[in-house]
Amino acid sequence: MDSSNSWLLSRVGARLLTASAGGLAGWWVGSQIGYPVTLCMGAATSAVLILSVMDTLKGHRLLDWLRTPEAAPPDLPGLWGEVAHRVQRVIHVKDEQIAQEQARLQEFLSAIEASPNGVLLLDAREHITWISAAAADHFGLSRQRDLQQRVTNLVRQPTFVQYLAAGDYRDAVKCQMSHGTQMVLQIQVRVYGEGLKLVLSQDITERERADTMRRDFVANVSHEIRTPLTVLNGFIETLGALPLTEVERKRVITLMTQQAERMQSLVSDLLTLAQIEGSPRPASDRWIKVDGLMQRIESDGRALSRERHPMSFVLECDGKLCEIAGIESEWLSAMGNLVSNAVRYTPEGKAIEVRWARLPNGGAEFSVKDGGIGIAPEHIPRLTERFYRVDGSRSRETGGTGLGLSIVKHVVQRHGGELRISSEPGKGSTFTLTVPASRVRQV
Ligand code: ADP
């Protein structure tokens with residue numbers, strides 16, 4: 001028997017006892033004053049008893065419903081029905097208020113979630129009470145499992161731990177996170193309420209990388225310019241201080257010219273890069289004749305090689321006139337750079353093949369194959385980085401700036417194509433530029 005049934009039985013029992021006591025009292029009074037009165041009192045007592053039991057049953061039904069007010073209220077007549085109705089209305093109004101509050105809270109949380117920045121809420125003991133999706137990603141936390149955990153037990157990055165412990169949150173702190181992907185976060189703590197903390201995190205990995213690249217770039221440019229400048233200064237001092245013979249003077253001037261040319265190529269490549277980076281995507285309806293491009297590349301290449309290499313230039317256009325869309329100076333620069341590299345990194349006597357061919361997909365490819373020194377596989381992914389050289393001294397000796405392949409990559413990407421490199425040390429390399437079908441036509 002459950003507790004509500006036993007409660008009901010005890011209530012009904014109490015009523016019966018009361019009624020029996022009333023009956024006995026009626027019988028005693030009746031025996032004192034006569035039979036008709038006894039009868040009346042007995043009937044009245046029974047009526048009270050029945051009403052009282054019914055009342056108790058109604059009250060019990062109401063109470064039953066109040067225990068689970070989600071269900072429909074019992075259909076009760078009279079006063080109990082009115083009570084049930086009013087209680088239901090109060091519950092309904094409260095439910096609506098709660099739903100509205102919950103909707104507002106949800107909107108507020110969704111707004112926080114929409115931000116790319118992370119938010120962590122900590123209680124006064126630095127236990128996590130809420131984690132936004134971005135914060136979970138930034139700190140490598142689980143939004144369910146890690147609630148109520150002490151934050152420093154889970155995020156052990158030393159800079160963050162020290163920052164949180166120091167209690168001076170005027171400035172943000174930069175932390176290199178090491179879970180999953182390497183991420184640099186800017187973290188700021190704000191204290192609110194009674195020692196509660198709001199931890200804000202921002203992913204600044206890209207910004208940091210761009211800053212590092214800019215710093216490296218400036219350092220590299222300075223280094224590249226400083227070396228020829230130092231050499232030039234030395235020669236100038238020599239010319240001023242020492243009486244030189246005509247032969248010596250000519251030699252010094254030749255060396256000075258080489259250094260000046262080196263600086264000139266560097267500045268020219270830097271300007272090309274800056275111009276490519278700063279200009280809009282090349283139009284796809286400015287058509288350039290490929291045979292004209294090939295002729296200029298061939299004459300520059302042959303001039304650079306000075307007949308030290310057997311060179312072949314092949315244009316496969318099915319006997320038609322091939323055209324390529326984009327900026328002529330950029331294509332010349334990209335293709336010319338590949339040919340110039342092939343000449344510079346190929347020993348005398350080894351062949352160089354330059355080829356333009358249509359592809360089955362309607363596009364085309366321009367390739368430069370040399371039988372030169374080749375490149376070890378570990379260097380290949382880095383060749384298009386600015387100032388990356390496999391052999392710095394060979395590059396400089398042959399007039400290289402370390403910027404050629406980054407210019408090539410930029411140009412080809414801007415025109416929707418790609419640069420592919422295959423190479424084997426000691427055997428040679430093939431550099432291929434692919435051009436998408438939308439930028440190639442035959443007329
Ligand atoms: P650089 O001015 O030094 O030639 P690049 O950006 O054109 O600069 O090339 C980057 C590096 O790639 C070069 O320093 C060289 O080590 C390597 N490289 C480029 N082309 C070739 C090639 N055809 N054969 C061998 N190595 C090459």
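Everything numeric in this text was worked out from a predicted model, so none of it was measured. Counting from 1, residues in each chain are numbered in the order their sequence is written. Local features in a predicted model are, by the rule used here, given only for residues with pLDDT of at least 70; side-chain atom pairs are given and counted only at 80 or more, and totals for whole chains, interfaces and linings are based on all residues. In computing side-chain properties, one takes all heavy atoms of the structure into account and sets aside hydrogens as well as water.

(A) A look at the site of the ligand. Near the ligand lie 21 residues; those nearest to it are Tyr-345, Ser-395, Thr-401, Gly-402 and Leu-405. Contacts to the ligand include Asn-341, whose side-chain N or O atom sits 2.9 Å from an oxygen atom. Any N or O atom pair separated by 3.5 Å or less is treated as a polar contact, with the protein-specific requirement of one donor-capable and one acceptor-capable atom, and with residues adjacent in sequence counted only for side-chain atom pairs. One nitrogen or oxygen atom from the main chain of Val-390 is found 3.0 Å from an oxygen atom belonging to the ligand. Its free accessible area being 530 Å², the ligand has 98% of it covered by the protein chains. Think of it this way: any DSSP run of H or I at least four residues long counts as a helix, any run of E at least two long counts as a strand, and we number them from the N terminus. Where the shell around the ligand is concerned, the elements lending two or more residues are helix H10 (328-344), helix H12 (404-414) and strand S12 (428-435). Note on residue classes: Ala, Val, Leu, Ile, Met, Phe, Trp, Tyr, Cys and Pro are nonpolar, Asp, Glu, Lys and Arg are charged, and everything else, Gly too, is polar. Class assignment for the residues of the shell around the ligand results in 9 nonpolar, 8 polar and 4 charged. Only a single heavy atom is needed: when it lies within 4 Å of a molecule or strand, its residue is near that molecule or strand. What sets the accessible areas is the Shrake-Rupley method with a 1.4 Å probe; for residues, cover comes only from the shown protein chains.

(B) Broad picture of the nonpolar core. What is meant by a nonpolar core is a set of buried Ala, Val, Leu, Ile, Met, Phe, Trp, Tyr and Cys residues, joined one to another through side-chain atoms within 4.5 Å. Per-residue accessibility, obtained with a 1.4 Å probe over protein chains only, is compared with the maximum for each type, and a residue is labelled buried under 20%, exposed over 50%, and partly exposed between these values. Membership of the largest hydrophobic core comes to 45 residues, with the highest contact counts inside it found for Ile-324, Trp-331, Met-335, Trp-356, Phe-366 and Leu-433. Per-element accounting of this core gives the leading share, 8 residues, to H10. A domain-level breakdown of this core finds at least three residues from each of domain 3 (207-278) and domain 4 (287-442). We call two residues in contact whenever any of their non-hydrogen atoms come within 4.5 Å of each other. With sequence-adjacent residues up to four places away left out, Leu-433 is seen in contact with Trp-331, Ala-334, Met-335, Leu-338, Ala-364, Glu-365, Phe-366, Val-408, Val-412, Glu-418 and Leu-419. Core analysis: the second largest hydrophobic core is formed by 22 residues, Leu-122, Tyr-169, Val-173 and Met-183 among them. Each domain's extent is set by a domain assignment, obtained either automatically or from a database.

(C) Just helix H3 (residues 78-114), in detail. A helix is expected to reach a length of 1.5 Å times the quantity of its residues less one. Taking 1.5 Å as the rise per residue, H3 with 37 residues should run 54 Å; its terminal C-alpha atoms sit 54 Å apart, in good agreement. Inspection of H3 places Gly-81, Ala-84 and Leu-109 among the buried residues, and these make up the whole buried set.

(D) How the structure looks around the sheet that holds strand S13 (residues 440-442). As summarised here, the arrangement of the 3 strands in space is S6-S8-S13, forming an open sheet in which the pairing is antiparallel. The outermost strands of the open sheet, each flanked by one partner alone, are strand S6 (287-289) and S13. When the angles between neighbouring strand axes are averaged without regard to direction, this sheet yields 30°. Any two strands are treated as partners once DSSP identifies two or more bridges connecting them. Fitted lines through C-alpha atoms give the axes, limited to the stretch in contact for helices. The angle between two N-to-C directions lies from 0 to 180 degrees.

(E) Looking closely at helix H8 (residues 246-278). Look at H8: 47 Å from first C-alpha to last across 33 residues, which is about the 48 Å you get at 1.5 Å a residue. Within H8, burial applies to Val-252, Met-256, Gln-259, Arg-262, Met-263, Leu-266, Asp-269, Leu-270, Leu-273 and Ile-276. Elements that come into contact with the buried residues of H8 comprise helix H7 (205-241), H10, helix H11 (392-397) and H12.

(F) Representation of the layout of surface pockets. Both site types are read off a 1 Å grid over the protein atoms alone. A 1.4 Å probe that fits but cannot get out defines a cavity, while an open set with protein on both sides within 12 Å along at least five of seven lines defines a pocket; lining residues have an atom within 4 Å of a point. Grid points are joined across faces, edges and corners, and a volume is the space filled by probe spheres set on the points. Considering only enclosed or pocket space, the second largest pocket measures out at about 400 Å³ in volume. Among the secondary structure elements, those contributing two or more residues to the lining of the second largest pocket are H7 and H12. It is H7 that contributes the most residues to the lining of the second largest pocket, 5 residues altogether. Its residues placed into classes, the lining of the second largest pocket shows 4 nonpolar, 5 polar and 7 charged. Split by domain, the residues of the lining of the second largest pocket number at least three in each of domain 3 (207-278) and domain 4 (287-442).

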